[in-house]
Amino acid sequence: MEAERRQEGEEEGRQWGGAEAEAEDGDHFDRLHDAVLLDVLNRIGDVKALGRCALVSRRFHALVPLVDSVFVRVDCVIPDDPPPTAAPGSPQQQHQQAAPAARGRGALAHFARALLGGIARPIHALGQILSPAAAAVSRRAEPRPATPPAPAADVSHHSPSEVLRSFKELRRLHIELPTGELGIDEGVLLKWKADFGSTLGSCVILGASSVSSKPPTSPSAEPEVAAADSTDASLDPNRETEDLGSVPESLYTNGGLKLRVVWTISSLIAASARHYLLQPIISTHAMLETLNLTDADGQGVLTMDKRQLQELRVRPVSASASSHRTLMPALSMRLHYAPLIELPGGTLLNGATLVAIRPSEDASREGQGPAGSVGTCWISEAFEEPYRTAAKVLLKRTPYCLEMNSF
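Not measured: the values here are computed from a predicted model.

**Student:** How would you explain a nonpolar patch on the surface if you had to name every residue and give the values?
**Tutor:** Side chains of Phe-29, Leu-32, Val-36, Val-40 and Ile-44 sit close together on the surface and give an oily, nonpolar patch of about 360 Å² of accessible area. Note that Val-36 resides in helix 2 (residues 34-44). Look at Val-36 and you get partly exposed, because its relative accessible area is 41%.

Written out as C-alpha coordinates, the structure reads:
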(Lines give C-alpha, C1' and ligand atoms only; values in the text may rest on other atoms or scores of the structure.)
Protein backbone atom coordinates (compact mmCIF):
# COMPACT_ATOMS: atom_id res chain seq x y z
CA MET A 1 0.00 0.00 0.00
CA GLU A 2 2.75 2.39 0.96
CA ALA A 3 4.59 1.66 -2.29
CA GLU A 4 1.42 2.36 -4.29
CA ARG A 5 0.85 5.70 -2.50
CA ARG A 6 4.45 6.69 -3.17
CA GLN A 7 4.04 5.82 -6.85
CA GLU A 8 0.83 7.85 -7.10
CA GLY A 9 2.56 10.80 -5.45
CA GLU A 10 5.43 10.67 -7.87
CA GLU A 11 3.02 10.49 -10.80
CA GLU A 12 1.01 13.44 -9.47
CA GLY A 13 4.24 15.41 -9.04
CA ARG A 14 5.24 14.72 -12.62
CA GLN A 15 1.85 15.87 -13.86
CA TRP A 16 2.03 19.04 -11.76
CA GLY A 17 5.52 19.80 -12.96
CA GLY A 18 4.52 19.23 -16.56
CA ALA A 19 1.53 21.57 -16.22
CA GLU A 20 3.73 24.21 -14.62
CA ALA A 21 6.33 23.91 -17.39
CA GLU A 22 3.60 24.13 -20.02
CA ALA A 23 2.30 27.31 -18.38
CA GLU A 24 5.79 28.78 -18.38
CA ASP A 25 6.20 27.94 -22.05
CA GLY A 26 2.78 29.41 -22.98
CA ASP A 27 1.92 32.83 -24.49
CA HIS A 28 2.87 35.43 -21.90
CA PHE A 29 0.64 38.00 -23.62
CA ASP A 30 -2.35 36.06 -22.29
CA ARG A 31 -1.36 37.21 -18.80
CA LEU A 32 -1.49 40.90 -19.77
CA HIS A 33 -4.60 43.00 -19.33
CA ASP A 34 -6.24 44.40 -22.46
CA ALA A 35 -5.35 47.95 -21.37
CA VAL A 36 -1.65 47.05 -21.33
CA LEU A 37 -1.83 45.48 -24.78
CA LEU A 38 -3.67 48.53 -26.13
CA ASP A 39 -0.93 50.77 -24.77
CA VAL A 40 1.64 48.65 -26.61
CA LEU A 41 -0.38 48.76 -29.84
CA ASN A 42 -0.78 52.53 -29.55
CA ARG A 43 2.97 52.88 -29.29
CA ILE A 44 3.35 50.85 -32.48
CA GLY A 45 1.00 53.22 -34.32
CA ASP A 46 1.97 52.28 -37.87
CA VAL A 47 -1.12 51.00 -39.63
CA LYS A 48 0.75 48.28 -41.57
CA ALA A 49 2.34 46.91 -38.41
CA LEU A 50 -1.05 46.98 -36.70
CA GLY A 51 -2.53 45.04 -39.60
CA ARG A 52 0.07 42.32 -39.11
CA CYS A 53 -0.61 42.29 -35.37
CA ALA A 54 -4.30 41.74 -36.09
CA LEU A 55 -3.40 38.48 -37.84
CA VAL A 56 -1.57 37.06 -34.81
CA SER A 57 -4.60 35.94 -32.79
CA ARG A 58 -8.29 36.49 -32.27
CA ARG A 59 -7.53 38.61 -29.23
CA PHE A 60 -5.22 40.89 -31.19
CA HIS A 61 -7.75 41.00 -34.02
CA ALA A 62 -10.33 42.32 -31.56
CA LEU A 63 -7.96 44.83 -29.91
CA VAL A 64 -6.44 46.47 -32.99
CA PRO A 65 -9.67 48.35 -33.94
CA LEU A 66 -9.61 49.91 -30.46
CA VAL A 67 -6.24 51.61 -31.02
CA ASP A 68 -6.62 55.39 -30.72
CA SER A 69 -3.30 56.58 -32.24
CA VAL A 70 -2.52 55.63 -35.85
CA PHE A 71 0.14 56.57 -38.40
CA VAL A 72 -0.66 55.95 -42.09
CA ARG A 73 2.21 56.12 -44.57
CA VAL A 74 0.88 56.30 -48.12
CA ASP A 75 3.33 54.33 -50.27
CA CYS A 76 2.26 55.26 -53.76
CA VAL A 77 0.12 57.60 -55.80
CA ILE A 78 -2.69 56.11 -57.85
CA PRO A 79 -1.92 57.90 -61.14
CA ASP A 80 -4.17 59.10 -63.90
CA ASP A 81 -4.07 57.33 -67.24
CA PRO A 82 -0.40 57.50 -68.32
CA PRO A 83 0.40 59.78 -71.26
CA PRO A 84 1.10 58.02 -74.55
CA THR A 85 4.74 57.06 -74.97
CA ALA A 86 6.35 58.61 -78.03
CA ALA A 87 8.44 56.52 -80.36
CA PRO A 88 12.23 56.71 -79.82
CA GLY A 89 13.80 59.56 -81.75
CA SER A 90 10.47 61.13 -82.65
CA PRO A 91 9.84 64.90 -82.22
CA GLN A 92 7.35 64.12 -79.45
CA GLN A 93 9.99 62.23 -77.44
CA GLN A 94 12.53 65.03 -77.93
CA HIS A 95 9.92 67.50 -76.70
CA GLN A 96 9.18 65.35 -73.64
CA GLN A 97 12.88 65.09 -72.83
CA ALA A 98 13.43 68.81 -73.28
CA ALA A 99 10.44 69.80 -71.15
CA PRO A 100 12.10 69.28 -67.72
CA ALA A 101 15.13 71.29 -68.79
CA ALA A 102 12.93 74.17 -69.88
CA ARG A 103 11.21 74.43 -66.51
CA GLY A 104 11.78 77.54 -64.50
CA ARG A 105 12.79 79.81 -67.41
CA GLY A 106 11.10 83.10 -66.66
CA ALA A 107 8.64 84.21 -64.02
CA LEU A 108 5.64 83.66 -66.30
CA ALA A 109 6.67 80.06 -67.03
CA HIS A 110 7.25 79.45 -63.33
CA PHE A 111 3.85 80.93 -62.52
CA ALA A 112 2.09 78.77 -65.10
CA ARG A 113 3.89 75.63 -63.95
CA ALA A 114 3.19 76.27 -60.29
CA LEU A 115 -0.49 77.03 -60.65
CA LEU A 116 -1.34 74.73 -63.57
CA GLY A 117 1.23 71.98 -64.02
CA GLY A 118 2.88 71.84 -60.61
CA ILE A 119 -0.35 72.04 -58.61
CA ALA A 120 -3.27 70.67 -60.62
CA ARG A 121 -1.86 67.20 -61.31
CA PRO A 122 -0.44 66.55 -57.82
CA ILE A 123 -3.72 67.72 -56.28
CA HIS A 124 -5.64 65.35 -58.53
CA ALA A 125 -3.21 62.60 -57.53
CA LEU A 126 -3.79 63.53 -53.90
CA GLY A 127 -7.49 63.06 -54.48
CA GLN A 128 -6.74 59.64 -55.93
CA ILE A 129 -4.78 58.77 -52.77
CA LEU A 130 -7.40 59.87 -50.26
CA SER A 131 -10.56 59.02 -52.18
CA PRO A 132 -12.15 55.64 -51.40
CA ALA A 133 -13.87 55.59 -54.80
CA ALA A 134 -10.60 56.00 -56.67
CA ALA A 135 -8.99 53.23 -54.67
CA ALA A 136 -11.92 50.96 -55.47
CA VAL A 137 -11.58 51.69 -59.19
CA SER A 138 -7.85 50.92 -59.07
CA ARG A 139 -8.55 47.50 -57.55
CA ARG A 140 -11.49 46.60 -59.76
CA ALA A 141 -9.39 44.60 -62.20
CA GLU A 142 -7.27 42.91 -59.52
CA PRO A 143 -8.08 39.33 -58.40
CA ARG A 144 -9.60 39.25 -54.94
CA PRO A 145 -7.94 37.18 -52.20
CA ALA A 146 -9.62 34.01 -51.01
CA THR A 147 -10.18 35.56 -47.56
CA PRO A 148 -10.65 39.24 -46.72
CA PRO A 149 -7.60 40.94 -45.17
CA ALA A 150 -7.51 41.83 -41.50
CA PRO A 151 -8.08 45.48 -40.56
CA ALA A 152 -5.28 47.69 -41.93
CA ALA A 153 -3.24 44.68 -43.02
CA ASP A 154 -2.65 45.89 -46.58
CA VAL A 155 -2.63 49.57 -47.48
CA SER A 156 -0.75 49.49 -50.75
CA HIS A 157 -3.93 49.88 -52.82
CA HIS A 158 -6.33 51.19 -50.20
CA SER A 159 -7.15 54.82 -49.48
CA PRO A 160 -6.63 56.05 -45.90
CA SER A 161 -10.41 56.33 -45.57
CA GLU A 162 -10.80 52.61 -46.20
CA VAL A 163 -7.85 51.60 -44.06
CA LEU A 164 -9.07 53.64 -41.09
CA ARG A 165 -12.66 52.45 -41.30
CA SER A 166 -11.91 49.56 -38.93
CA PHE A 167 -10.71 51.85 -36.12
CA LYS A 168 -13.60 52.71 -33.83
CA GLU A 169 -11.92 54.93 -31.22
CA LEU A 170 -9.41 56.90 -33.27
CA ARG A 171 -8.22 60.06 -31.48
CA ARG A 172 -4.81 60.88 -32.97
CA LEU A 173 -4.10 60.47 -36.67
CA HIS A 174 -0.99 61.18 -38.74
CA ILE A 175 -1.02 60.63 -42.50
CA GLU A 176 2.18 60.93 -44.54
CA LEU A 177 2.01 61.40 -48.31
CA PRO A 178 4.80 60.00 -50.51
CA THR A 179 5.80 63.43 -51.87
CA GLY A 180 4.96 67.10 -51.63
CA GLU A 181 2.54 68.59 -54.13
CA LEU A 182 4.75 71.46 -55.28
CA GLY A 183 7.18 70.74 -58.10
CA ILE A 184 9.93 73.19 -57.18
CA ASP A 185 13.26 73.61 -58.93
CA GLU A 186 16.33 71.85 -57.61
CA GLY A 187 18.08 73.81 -54.86
CA VAL A 188 15.00 75.88 -54.00
CA LEU A 189 13.67 75.73 -50.43
CA LEU A 190 9.91 75.86 -49.90
CA LYS A 191 8.18 74.73 -46.70
CA TRP A 192 4.76 75.53 -45.30
CA LYS A 193 2.61 74.82 -42.28
CA ALA A 194 -1.12 75.51 -42.12
CA ASP A 195 -3.91 74.89 -39.63
CA PHE A 196 -7.56 74.64 -40.54
CA GLY A 197 -10.99 74.53 -38.98
CA SER A 198 -13.79 74.77 -41.50
CA THR A 199 -11.48 77.13 -43.38
CA LEU A 200 -7.90 78.38 -43.08
CA GLY A 201 -6.86 79.46 -39.60
CA SER A 202 -3.26 80.43 -40.34
CA CYS A 203 -0.41 79.56 -42.65
CA VAL A 204 3.34 80.13 -42.47
CA ILE A 205 5.57 79.77 -45.55
CA LEU A 206 9.36 79.71 -45.55
CA GLY A 207 11.24 79.87 -48.83
CA ALA A 208 14.66 80.57 -50.27
CA SER A 209 15.76 80.91 -53.87
CA SER A 210 18.78 78.70 -53.12
CA VAL A 211 20.40 76.84 -50.23
CA SER A 212 24.14 76.42 -49.98
CA SER A 213 26.89 75.69 -47.49
CA LYS A 214 29.37 78.29 -46.31
CA PRO A 215 32.79 77.43 -47.75
CA PRO A 216 35.47 76.67 -45.15
CA THR A 217 38.10 79.38 -44.65
CA SER A 218 41.80 78.76 -44.10
CA PRO A 219 43.75 80.71 -41.43
CA SER A 220 45.77 82.50 -44.09
CA ALA A 221 42.60 83.84 -45.68
CA GLU A 222 41.09 85.20 -42.46
CA PRO A 223 42.18 88.86 -43.00
CA GLU A 224 40.64 88.90 -46.50
CA VAL A 225 37.45 87.26 -45.22
CA ALA A 226 37.17 89.80 -42.42
CA ALA A 227 37.50 92.63 -44.93
CA ALA A 228 34.87 91.08 -47.15
CA ASP A 229 32.52 90.64 -44.19
CA SER A 230 32.84 94.30 -43.28
CA THR A 231 32.05 95.25 -46.88
CA ASP A 232 29.06 92.92 -47.26
CA ALA A 233 27.56 93.41 -43.80
CA SER A 234 24.33 94.58 -45.40
CA LEU A 235 23.78 91.05 -46.73
CA ASP A 236 23.68 89.42 -43.30
CA PRO A 237 20.50 90.12 -41.27
CA ASN A 238 22.17 88.69 -38.16
CA ARG A 239 24.49 91.69 -37.90
CA GLU A 240 23.49 94.55 -35.61
CA THR A 241 24.92 97.13 -38.03
CA GLU A 242 22.30 96.32 -40.67
CA ASP A 243 19.36 98.62 -41.25
CA LEU A 244 16.25 96.54 -40.60
CA GLY A 245 13.88 99.44 -41.19
CA SER A 246 13.48 99.07 -44.95
CA VAL A 247 12.62 96.35 -47.45
CA PRO A 248 15.74 95.49 -49.53
CA GLU A 249 15.62 96.70 -53.11
CA SER A 250 16.61 93.21 -54.27
CA LEU A 251 13.08 91.99 -53.45
CA TYR A 252 11.67 94.05 -56.32
CA THR A 253 14.29 93.21 -58.94
CA ASN A 254 14.39 90.28 -61.36
CA GLY A 255 10.83 89.23 -60.55
CA GLY A 256 11.71 88.48 -56.91
CA LEU A 257 8.39 89.66 -55.46
CA LYS A 258 6.36 87.95 -58.19
CA LEU A 259 8.17 84.66 -57.54
CA ARG A 260 7.36 84.83 -53.83
CA VAL A 261 3.70 85.54 -54.58
CA VAL A 262 3.74 82.36 -56.70
CA TRP A 263 5.24 80.41 -53.77
CA THR A 264 2.50 81.76 -51.51
CA ILE A 265 -0.41 80.96 -53.82
CA SER A 266 0.97 77.50 -54.62
CA SER A 267 1.37 76.61 -50.95
CA LEU A 268 -2.13 77.84 -50.11
CA ILE A 269 -3.65 75.80 -52.94
CA ALA A 270 -1.78 72.68 -51.81
CA ALA A 271 -2.92 73.20 -48.20
CA SER A 272 -6.56 73.79 -49.17
CA ALA A 273 -6.57 70.66 -51.36
CA ARG A 274 -5.31 68.51 -48.49
CA HIS A 275 -7.94 69.99 -46.18
CA TYR A 276 -10.79 69.39 -48.60
CA LEU A 277 -9.89 65.74 -49.12
CA LEU A 278 -9.75 65.00 -45.38
CA GLN A 279 -13.47 65.59 -44.88
CA PRO A 280 -14.57 61.92 -45.20
CA ILE A 281 -12.06 60.82 -42.57
CA ILE A 282 -13.06 63.59 -40.17
CA SER A 283 -16.78 62.94 -40.52
CA THR A 284 -16.33 59.18 -40.03
CA HIS A 285 -14.24 59.44 -36.84
CA ALA A 286 -16.19 61.58 -34.39
CA MET A 287 -13.70 60.99 -31.55
CA LEU A 288 -10.72 62.34 -33.51
CA GLU A 289 -8.82 65.01 -31.52
CA THR A 290 -5.67 65.73 -33.55
CA LEU A 291 -4.92 65.27 -37.23
CA ASN A 292 -1.62 65.89 -39.03
CA LEU A 293 -1.14 65.48 -42.77
CA THR A 294 2.50 65.66 -43.86
CA ASP A 295 4.65 64.44 -46.74
CA ALA A 296 7.89 62.47 -46.94
CA ASP A 297 9.67 65.42 -48.56
CA GLY A 298 9.03 67.61 -45.51
CA GLN A 299 7.43 70.21 -47.75
CA GLY A 300 4.05 70.86 -46.13
CA VAL A 301 2.28 70.22 -42.83
CA LEU A 302 -1.46 70.52 -42.26
CA THR A 303 -2.67 70.36 -38.66
CA MET A 304 -6.08 70.31 -36.99
CA ASP A 305 -6.76 70.23 -33.27
CA LYS A 306 -9.86 69.10 -31.41
CA ARG A 307 -11.61 72.47 -31.60
CA GLN A 308 -10.92 72.82 -35.32
CA LEU A 309 -12.09 69.28 -36.07
CA GLN A 310 -15.35 69.93 -34.24
CA GLU A 311 -15.76 73.21 -36.10
CA LEU A 312 -15.46 71.38 -39.42
CA ARG A 313 -18.11 68.85 -38.38
CA VAL A 314 -20.54 71.63 -37.43
CA ARG A 315 -19.80 74.09 -40.22
CA PRO A 316 -19.52 72.55 -43.71
CA VAL A 317 -16.56 73.38 -45.90
CA SER A 318 -17.00 75.93 -48.67
CA ALA A 319 -15.53 74.34 -51.78
CA SER A 320 -13.76 76.24 -54.54
CA ALA A 321 -15.74 76.29 -57.76
CA SER A 322 -12.65 75.60 -59.86
CA SER A 323 -11.23 72.49 -58.19
CA HIS A 324 -11.53 70.00 -55.35
CA ARG A 325 -10.18 72.17 -52.56
CA THR A 326 -11.42 74.35 -49.73
CA LEU A 327 -12.29 77.92 -50.64
CA MET A 328 -9.74 80.36 -49.25
CA PRO A 329 -11.13 83.44 -47.47
CA ALA A 330 -9.78 86.94 -48.00
CA LEU A 331 -6.27 86.88 -46.56
CA SER A 332 -3.92 89.32 -44.85
CA MET A 333 -0.21 88.61 -45.32
CA ARG A 334 3.08 89.91 -44.03
CA LEU A 335 6.13 89.05 -46.11
CA HIS A 336 9.59 89.27 -44.48
CA TYR A 337 12.62 89.13 -46.74
CA ALA A 338 16.41 88.98 -46.36
CA PRO A 339 18.95 88.66 -49.20
CA LEU A 340 21.07 86.26 -47.16
CA ILE A 341 20.78 84.38 -43.85
CA GLU A 342 23.45 82.20 -42.31
CA LEU A 343 22.06 79.42 -40.14
CA PRO A 344 23.85 77.47 -37.43
CA GLY A 345 26.13 74.92 -39.04
CA GLY A 346 27.06 77.16 -41.95
CA THR A 347 23.93 76.75 -44.11
CA LEU A 348 23.22 79.83 -46.25
CA LEU A 349 19.71 80.79 -47.37
CA ASN A 350 19.79 83.13 -50.36
CA GLY A 351 16.70 85.23 -50.94
CA ALA A 352 15.14 84.00 -47.68
CA THR A 353 11.43 84.73 -47.37
CA LEU A 354 8.89 84.27 -44.57
CA VAL A 355 5.18 84.79 -45.19
CA ALA A 356 2.71 84.88 -42.27
CA ILE A 357 -0.94 84.55 -43.36
CA ARG A 358 -4.26 84.82 -41.56
CA PRO A 359 -7.82 85.51 -42.72
CA SER A 360 -8.35 89.26 -43.13
CA GLU A 361 -11.44 89.10 -40.92
CA ASP A 362 -9.45 87.69 -37.99
CA ALA A 363 -6.58 90.12 -38.50
CA SER A 364 -8.83 93.19 -38.65
CA ARG A 365 -10.88 92.04 -35.65
CA GLU A 366 -7.77 91.77 -33.51
CA GLY A 367 -6.33 94.94 -35.03
CA GLN A 368 -2.75 93.72 -35.03
CA GLY A 369 -2.14 92.33 -38.48
CA PRO A 370 -1.57 88.65 -39.25
CA ALA A 371 0.29 88.02 -36.00
CA GLY A 372 -2.77 88.93 -33.94
CA SER A 373 -2.91 89.30 -30.19
CA VAL A 374 -1.32 85.87 -29.61
CA GLY A 375 2.06 87.21 -30.71
CA THR A 376 4.42 85.58 -33.16
CA CYS A 377 4.99 82.16 -31.54
CA TRP A 378 2.81 80.44 -34.13
CA ILE A 379 5.12 81.90 -36.78
CA SER A 380 8.55 81.35 -35.25
CA GLU A 381 7.71 77.84 -34.00
CA ALA A 382 6.11 76.60 -37.21
CA PHE A 383 9.28 74.82 -38.33
CA GLU A 384 11.96 72.63 -36.80
CA GLU A 385 15.59 73.67 -36.57
CA PRO A 386 17.50 75.01 -38.35
CA TYR A 387 14.57 76.66 -40.13
CA ARG A 388 13.07 77.86 -36.85
CA THR A 389 16.14 80.08 -36.45
CA ALA A 390 15.60 81.42 -39.98
CA ALA A 391 11.98 82.31 -39.14
CA LYS A 392 13.03 84.15 -35.98
CA VAL A 393 15.67 86.12 -37.88
CA LEU A 394 13.24 87.03 -40.66
CA LEU A 395 10.61 88.21 -38.18
CA LYS A 396 12.97 91.03 -37.22
CA ARG A 397 12.87 92.35 -40.77
CA THR A 398 10.48 95.04 -41.90
CA PRO A 399 7.41 93.31 -43.40
CA TYR A 400 5.91 93.83 -46.82
CA CYS A 401 2.11 93.77 -46.34
CA LEU A 402 -0.23 92.23 -48.89
CA GLU A 403 -3.96 91.53 -49.14
CA MET A 404 -5.48 88.74 -51.21
CA ASN A 405 -9.10 88.24 -52.17
CA SER A 406 -10.93 84.98 -51.60
CA PHE A 407 -10.09 82.33 -54.18
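**Student:** Describe the nonpolar core, and please don't skip the residues or the numbers.
**Tutor:** In terms of nonpolar packing, the biggest core is built from 57 residues, with Val-70, Phe-167, Leu-173, Leu-200, Leu-268 and Ile-357 touching the most fellow members. Ranked by the residues each element gives to this core, the list is headed by helix 10 (residues 256-277), at seven residues. Beyond its immediate chain neighbours, meaning those up to four positions away, Leu-200 contacts Ala-194, Asp-195, Leu-268, Met-328, Pro-329, Leu-331, Ile-357 and Pro-359. Among the nonpolar cores identified, the runner-up in size contains 18 residues, and Ala-338, Leu-343, Ala-352 and Phe-383 belong to it.

**Student:** So, helix 3 (residues 47-54): which residues are in play, and what are the values?
**Tutor:** When we look at burial in helix 3, the residues that qualify are Val-47, Leu-50, Gly-51, Cys-53 and Ala-54. Along the long axis of helix 3, the arc covered by the buried residues comes to 160°, so they all point the same way. At its buried positions, helix 3 is contacted by helix 2, helix 4 (58-63), strand 1 (69-73) and helix 8 (160-163). Of the residues that open helix 3, the one with a side-chain oxygen 3.2 Å from the backbone nitrogen of Lys-48 is Asp-46.

**Student:** Residue-level account of the environment of Leu-164, with values.
**Tutor:** Relative to the helices and strands, Leu-164 resides in the loop between helix 8 and strand 2 (172-177). For Leu-164, a relative accessible area of 0% translates into the label buried. Along the chain, Leu-164 and Ile-281 lie 117 residues apart, while their C-alpha atoms are 7.9 Å from each other.

**Student:** Talk me through the confidence of the model for the protein; I want residue IDs and the actual numbers.
**Tutor:** When pLDDT is averaged across the protein, the result is 74; 62% of the residues are at 70 or more. For the stretch residues 134-150, pLDDT sits under 50, and the model shows 16 contacts to residues farther than four places along the chain or on other chains.

**Student:** Describe the pairing of strand 9 (residues 347-359), naming the residues involved and giving the relevant values.
**Tutor:** Within strand 9, eleven of the 13 residues are buried, which leaves the element mostly enclosed by the surrounding structure. Of the pairings in the sheet, the one linking strand 5 (residues 210-213) to strand 9 comprises four bridges and is antiparallel in character. In the strand pairing of strand 9, Ser-212 is matched with Leu-348. Bridge count for strand 8 (residues 331-342) against strand 9 is eleven bridges, and the pairing is antiparallel. Residue pairing for strand 9: Leu-335 is matched across the bridge by Val-355.

The rules behind each value
Residues take numbers from 1 onward in each chain, read along the sequence in its written order. In view of the model being predicted, local features appear only for residues whose pLDDT reaches at least 70, and side-chain atom pairs are presented and counted only at 80 or more, with totals across whole chains, interfaces and linings using the full set of residues. Only heavy atoms go into the side-chain values, all of them from the structure, while hydrogens and water stay out. Residues with no salt bridge and a relative accessible area higher than 30% make up the patches, which join like charges within 9 Å and nonpolar side chains (Val, Leu, Ile, Met, Phe, Trp, Tyr) within 5 Å. Using the Shrake-Rupley algorithm and a 1.4 Å probe, accessible areas are obtained, with residue cover drawn only from the displayed protein chains. Within this document, salt bridges are pairs made up of a side-chain nitrogen of Lys or Arg and a carboxyl oxygen of Asp or Glu, the two lying within 4 Å of each other. For helices the rule is a DSSP run of H or I covering at least 4 residues; for strands it is a run of E covering at least 2, with both sets numbered from the N terminus onward. Buried means the residue's accessible area, taken with a 1.4 Å probe over protein chains only, is under 20% of the maximum for its type, while exposed means over 50%, and partly exposed covers the values in between. Definition used in this section: a nonpolar core is a set of buried Ala, Val, Leu, Ile, Met, Phe, Trp, Tyr and Cys residues joined via side-chain atoms within 4.5 Å. In this description, contact between two residues means that some pair of their heavy atoms is separated by no more than 4.5 Å. The arc in question is the one traced by the directions running from the helix axis out to the C-beta atoms. For this analysis, a polar contact is any N or O atom pair within 3.5 Å, provided that within protein one partner can donate a hydrogen and the other can accept it, and provided that sequence-adjacent residues contribute only side-chain to side-chain pairs. For every residue, the predictor assigns a confidence score, pLDDT, that lies between 0 and 100. Think of it this way: DSSP has to see at least two bridges between two strands before they count as a pair.

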